[in-house]
Amino acid sequence: MVEKSTKAARGTVQCENTNIHLLKANDFVADIIKKEMAKTGTLLINITSSAGSGKTTLMQKTAEKLKDKINIAVMVGDLETERDAERIRETGIQALQIVTGGICHLEAQMVHQVLDQFDLENIDLLFIENVGNLVCPSSFDLGEDYRVTLMATTEGDDKPKKYPKMFLTSDMMLVSKADLLPYVPFSVEAVTKDAREVNHEIEVLQISSITDEGIDQWCDWLLEKVKQKKG
């Protein structure tokens, strides 16, 4: 019987030091983004979640509710296609797709490269809809003011302890697809308890983009943060 090799595959590298350098470079660009957002008074929100948690639908609903009150734009990260950006543009706001070509997260340099496609002087709120993934995006600062993570009722309520870094680095957890609570084995109380054991400061809001549950509170939160950024 051939013994399993303990050597790294050809072309691979030990990642510990490499990751440190990558994240330092990312943080440098993230600081540049923060300064540009401060200069224009644009609120930058990084929306994260697993794939299929309802990020794009929430962006559509948010645009419909707020586009007549403030100027909103969205940049969308995905491995392939422009489908999500096309859906968001149907609401009448600007949306730009960042196709990562297989990379499982957005990085600050990707965001910075497309910022000149937006008239930031006239944008009050810019969303980054990150790639659907609870692991990699948690490590990359995109220069955002706030990170908001969706936790869908269809995923199970054990994710905050399984993927703690995402919830530790988030300012708010949106329990999405709340309209399905009667039909799925999901405890809002349990997921909230776990999230707050990871991050005692995280805000929690239960929402449904189908029934509009919690959407007004979500929009009020956004408007208040826009006002604070402008102030």
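Look up: the structure comes first, before these words.
Just so it is clear, the structure is predicted and the values come from calculations on it, not from any experiment.

### Examining helix H8 (residues 215-230)
With 16 residues, H8 extends 23 Å between its outermost C-alpha atoms, agreeing within 8% with the 22 Å of an ideal straight helix rising 1.5 Å per residue. Restricting attention to buried positions, one finds in H8 the residues Ile215, Trp218, Cys219, Trp221, Leu222, Lys225 and Val226. All buried residues of H8 project into a common sector of 155 degrees when viewed along the axis, lining one side. Of the exposed residues in H8, the ones pointing more than 90 degrees away from its buried face are Asp220 and Lys227. Those residues of H8 hidden inside the fold are in contact with strand E1 (43-48), helix H2 (55-66), strand E4 (125-129), strand E5 (146-152), strand E6 (172-176) and strand E7 (203-206).

### Overview of the packing of aromatic side chains
All chains considered together, the criterion is met by three aromatic pairs. Between Tyr146 and Trp221 the ring centres are 5.4 Å apart and the planes differ by 70 degrees, which places this aromatic pair in the edge-to-face class. Pair noted here: Tyr146 is in strand E5 and Trp221 is in helix H8, with a separation of 75 residues, a long-range link. Grouping residues by exposure puts Tyr146 and Trp221 together as buried. Each member of the aromatic cluster is reached from another via a ring pair, and the members are Phe127, Tyr146, Trp218 and Trp221.

What counts, and where the lines are drawn
Position numbers for residues start from 1 in each chain and track the written sequence from start to end. With the structure being a predicted model, the display of local features is reserved for residues of pLDDT at least 70 and the display and counting of side-chain atom pairs for 80 or more, all residues being used for whole-chain, interface and lining totals. Each side-chain value is derived from all of the structure's non-hydrogen atoms; neither hydrogens nor water enter the calculation. Counting from the N terminus, the helices are DSSP H or I runs at least four residues long and the strands are E runs at least two residues long. In a helix, the anticipated span is given by 1.5 Å times the number of residues less one. The buried label applies to any residue whose accessible area, calculated with a 1.4 Å probe on protein chains only, is under 20% of its type's maximum; exposed applies above 50%, and partly exposed to all values in between. Directions drawn from the helix axis to the C-beta atoms are what define this arc. Residue contacts are defined here by distance: any two heavy atoms, one from each residue, within 4.5 Å place the two residues in contact. Classification of ring pairs rests on two measures: the distance between centres of Phe, Tyr or Trp rings, Trp counted by its six-membered ring, which must be within 6.5 Å, and the angle between planes, read as stacked under 30 degrees, edge-to-face over 60 and tilted in between.

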